[in-house]
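Listed here are the chains, written in short residue letters.
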Amino acid sequence: MPDPIPGIHHITAIATDAQRNVDFYVGVLGLRLVKRTVNFDDPGTYHLYFGDEKGNPGTILTFFPWTGIQSGRRGTGQATAIGFAVPQDSFGFWIERFTRLGVEYDRPQRRLDEQVLAFRDRDGLALELIGVPGVESKPAWEANGISGKEAIRSFHTVTLCEDGMERTAELLTSMGAKKAKEEGSYFRYTFGEGESASNVDLHRTPEFLRGVVAGGSVHHVAYRVPNDAAQVEWQEKVREIGLNVTPVLDRQYFKSIYFREPGGVLFEIATDPPGFAVDEPESALGQVLKLPPWLEKYRADIEESLPKLHQPELVAEKQS
């Protein structure tokens, strides 16, 4: 029996414009662009990684920016919201910042005994800031006018929208999660001790239409394991459960296997190592295009096909 999954490794979503994506997640939310590479299955498209200073597992939000892709539709069989952990008293700062920068947001509300500020990125991807007690003591990446008093620390929760949740709940339990809370149509499953990037909320909505994954949608949710051996154990466990699972794929910064949970959301299990400093120093993460060895011979053509990117120049201050 493999060891329990400790939590979320990364979440990958779909954007429609690479520079606008960088402007929002770096310039507005203050995350670090820790890697600019390409989609290994579609090298004419960027794969952009945002996270904390080192791109630690549990902080990594990645995007495939596919120019011209249609907008998705939120519904069942999807991960429909990504929640970030922030200090509990930071909501005033974020509301002021979102108002000033034209970010769509809702009034804060309480859900599952937590304060939640829901907002959307420029493609309509549903995001949430969740006030977490004690998170201010964790290290913070401070950038673009965001200090450690307000900065995003990690993921807190990913919400899966399901028309029926029993088999998905059974899968999460087999992966090591425990049912922690319930409120209305929300059911929380928590990995480990419930620290950063450990919560999966199942939102039971049989009245919703089936979701369409496209622009402004989550593509997949990745869970973490400590090494290759643990990943192979989980690959076999997924097979035993009766789900189709891919071979191990080398993603350069981690290795991956993929499968769909019973409700239809694409899951990944990714290794913590080797991490993002495997091909560039931590001090220079995300500054230049990095390619895996098997694509280096195509670098000139790939660079020609990709739009030029630049880091935002203090987006918040420029628009104030």
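Reference entry: report on the structure contained in this document. What you see is a predicted model, and the numbers here were worked out from it, not measured in a lab. (Residues numbered from 1 in each chain as written. Predicted model: local features only at pLDDT ≥ 70, side-chain atom pairs only at ≥ 80, totals over all residues. Heavy atoms only, no water.)

1. Quick look at empty space enclosed by the protein
Tallied over the full model, the rule gives two cavities of 30 Å³ or more. Roughly 80 Å³ of volume is contained in the largest cavity. In this structure, the largest cavity is lined by 13 residues; those nearest its centre are Leu-31, Gly-51, Asp-52, Ile-152 and Arg-153. One number sums up the size of the second largest cavity: a volume of about 40 Å³. Every residue along the wall of the second largest cavity is listed here: Arg-20, Asn-21, Phe-24, Tyr-25, Asp-121, Arg-122 and Asp-123. Across the lining of the second largest cavity, the residue classes break down as two nonpolar, one polar and four charged. (1 Å grid on protein atoms, 1.4 Å probe; cavity = no way out; pocket = protein on both sides within 12 Å on 5 of 7 lines; lining within 4 Å. Points joined across faces, edges and corners; volume = space filled by probe spheres on them. Nonpolar A, V, L, I, M, F, W, Y, C, P; charged D, E, K, R; others polar.)

2. Structural notes on the pairing of strand 10 (residues 178–183)
Pairing between strand 10 and strand 11 (residues 186–190): five bridges, direction antiparallel. For Glu-183, the partnering residue across the bridge sits in strand 11 and is Tyr-186. Between strand 10 and strand 11, which pair antiparallel one after the other, the connecting turn spans two residues, and Gly-184 there sits at a positive phi close to 60°. (Pairing = 2+ DSSP bridges. Helix = DSSP H or I, 4+ residues; strand = E, 2+ residues; numbered from the N terminus.)

3. Considering the pattern of salt bridges
Inspection of every chain in the model, using the stated rule, returns 17 salt bridges. The shortest N-O distance in the salt bridge between Glu-280 and Lys-35 comes to 2.6 Å. Of this pair, Glu-280 sits in the loop between strand 16 (266–271) and helix 5 (299–305) while Lys-35 sits in strand 2 (residues 32–39); the two residues are 245 residues apart in sequence, bridging distant segments of the chain. Comparing Glu-280 with Lys-35 shows no difference in burial state: the two are buried. Here Glu-166 and Arg-204 are joined by a salt bridge, their closest N and O atoms 3.8 Å apart. Highlighted residues: Glu-166 in helix 3 (residues 166–174) and Arg-204 in strand 12 (residues 199–204), separated in sequence by 38 residues. (Salt bridge = Lys/Arg side-chain N within 4 Å of Asp/Glu carboxyl O. Buried < 20%, exposed > 50% of the residue type's maximum accessible area, 1.4 Å probe, protein only.)

4. Some details on the sheet that holds strand 7 (residues 114–120)
Within the open sheet, the eight strands sit side by side as 6-7-8-5-9-12-11-10. Their pairing is mixed. Every other strand in the sheet has two partners, leaving strand 6 (109–111) and strand 10 as the edge strands with one partner each. On average, each strand axis in the sheet is inclined to that of its neighbour by 30°, with strand direction left out of account. Bridge count between strand 5 (residues 78–86) and strand 9 (residues 154–162): seven bridges; the pairing is antiparallel. In the sheet register, Ala-81 faces strand 9, and the bridge partner there is Thr-159. Running at roughly 15° to strand 7, helix 2 (residues 91–101) makes contact with strand 5, strand 7 and strand 8 (126–131) of the sheet. (Axes fitted to C-alpha atoms, helices over the stretch in contact; angles between N-to-C directions. Contact = heavy atoms within 4.5 Å.)

5. Points about the packing of aromatic side chains
Overall, the coordinates contain 18 aromatic pairs when judged by the stated rule. Arranged with centres 4.9 Å apart and planes meeting at 65°, the rings of Tyr-223 and Phe-267 form a pair that is edge-to-face. Taken as a pair, Tyr-223 in strand 13 (residues 218–225) and Phe-267 in strand 16 lie far apart in primary sequence, 44 residues in all. Of the two residues, Tyr-223 and Phe-267, neither departs from the other in class, the shared state being buried. One aromatic cluster is present, built from ring pairs that chain together Phe-93, Trp-94, Phe-98, Tyr-105 and Phe-119. Above the ring of Tyr-186, the side-chain terminus of Arg-111 is found at 4.9 Å from the ring centroid. (Phe/Tyr/Trp six-rings, centres within 6.5 Å; stacked < 30°, edge-to-face > 60°. Lys NZ or Arg CZ within 6 Å of the ring centre and 35° of its normal.)

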